[in-house]
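Now for the letters of each chain:
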Amino acid sequence: MRQSILTTAALLTLFGASAVQAQTTIIERDVPERVIIERPESETRTVETRETRDGCRVKSVTRENEEGDRKTVTRESCD
């Protein structure tokens, strides 16, 4: 009787260990390709700062490259 209990316990232990191994999941993800953006070497930057009557400051930065692309960013800060 004692022999069958030990044998049963050993089999259950082995079965439990193999069940844990069966639940292992491996997730493989493809690495996205890198995108390289070449920026033009010459770029013009204009910075304009002004203060309003209510004590706020407005700063505008305009960038323009040699191809004529223009981008303006405006930020306002009130202390």
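See above for the structure.
Now for a description of the structure that goes with this document.

Observations regarding the overall build of the protein chain
- A count of helices and strands for the protein chain gives 1 helix and 3 strands.
- Reading the secondary structure of the protein chain in the N-to-C direction produces α-β-β-β.
- Expressed as a percentage of its 79 residues, the buried residues of the protein chain come to 5%.
- In the protein chain, 6% of the contacts between residues at least 6 apart in sequence involve partners at least 24 apart.

Details of the state of the cysteines
- Scanning all chains against the criterion turns up 1 disulfide.
- A disulfide bridge connects Cys 56 with Cys 78, and the sulfur atoms are separated by 1.8 Å. The sign of the 110° torsion about the S-S bond sets the Cys 56-Cys 78 disulfide as right-handed. With Cys 56 in strand β2 (residues 56-65) and Cys 78 in strand β3 (residues 70-78), this pair connects stretches of sequence that are 22 residues apart.
- On the basis of relative accessible area, Cys 56 is assigned to the buried category, the value being 4%.

Description of a positive patch on the surface
- Together, Arg 45, Lys 59, Arg 63, Lys 71 and Arg 75 give the surface a local cluster of positive charge.
- In this structure, Lys 59 sits in strand β2.
- A residue is classified by how much of its surface remains accessible, and Lys 59, at 45% relative accessible area, is partly exposed.

Considering the side chain of Asn 65
- The residue Asn 65 is located in strand β2 in this model.
- Separated by 3.1 Å, the side chain of Asn 65 and the backbone nitrogen of Glu 67 make a polar contact.
- A distance of 2.9 Å separates the side chain of Asn 65 from the backbone nitrogen of Asp 69, its partner in a polar contact.

What to know about the pairing of β3
- Where β2 lies against β3, 9 bridges are found, and the strand directions are antiparallel. For Ser 60, the partnering residue across the bridge sits in β3 and is Thr 74.
- Where β2 folds back onto β3 in an antiparallel hairpin, the turn is made up of 4 residues, including Gly 68, whose phi is positive at roughly 95°.

Overview of the pairing of β2
- Here 9 bridges tie strand β1 (residues 43-51) to β2, and the two strands are oriented antiparallel to one another. Residue Thr 44 lies in a different strand from β2, and its bridge partner there is Glu 64.
- From the end of β1 to the start of β2, which pair antiparallel, there are 4 residues, and Gly 55 there has a positive phi angle of about 90°.

How each quantity is defined
- Once a new chain begins, its residue numbering starts again from 1 and follows that chain's sequence as written.
- Given that the model is predicted, a residue must reach a pLDDT of at least 70 before its local features are reported, and side-chain atom pairs must reach 80 or more before they are shown or counted; all residues, however, enter totals for whole chains, interfaces and linings.
- Excluding hydrogens and water, the side-chain figures rest on all heavy atoms present in the structure.
- Every helix listed is a DSSP run of H or I at least four residues long, and every strand listed is a run of E at least two residues long, numbered separately from the N terminus.
- We call a residue buried when its accessible area falls under 20% of the maximum for its residue type, exposed when it is over 50%, and partly exposed in between, using a 1.4 Å probe and counting protein chains only.
- The contact rule is simple, with two residues in contact once any of their heavy atoms fall within 4.5 Å.
- Cysteine sulfurs are considered disulfide-paired once they come within 2.5 Å of each other.
- Patches were defined on residues exceeding 30% relative accessible area and lacking a salt bridge, with like-charge contacts within 9 Å and nonpolar side-chain contacts (Val, Leu, Ile, Met, Phe, Trp, Tyr) within 5 Å.
- Note that accessible areas follow from Shrake-Rupley with a 1.4 Å probe, and for residues the cover is restricted to the protein chains shown.
- For this document, the term salt bridge refers to a Lys or Arg side-chain nitrogen within 4 Å of an Asp or Glu carboxyl oxygen.
- Charge assignment: positive for Lys and Arg, negative for Asp and Glu; neither His nor the chain ends contribute.
- Lys charges are placed at NZ, Arg charges at CZ, Asp charges at CG and Glu charges at CD.
- We call two N or O atoms a polar contact when they sit within 3.5 Å, provided that within protein one can donate a hydrogen and the other can accept it, with sequence-adjacent residues counted only if both atoms are side-chain atoms.
- Any two strands with at least two DSSP bridges between them are considered paired.

Any functional reading would require information that these geometric values do not contain.
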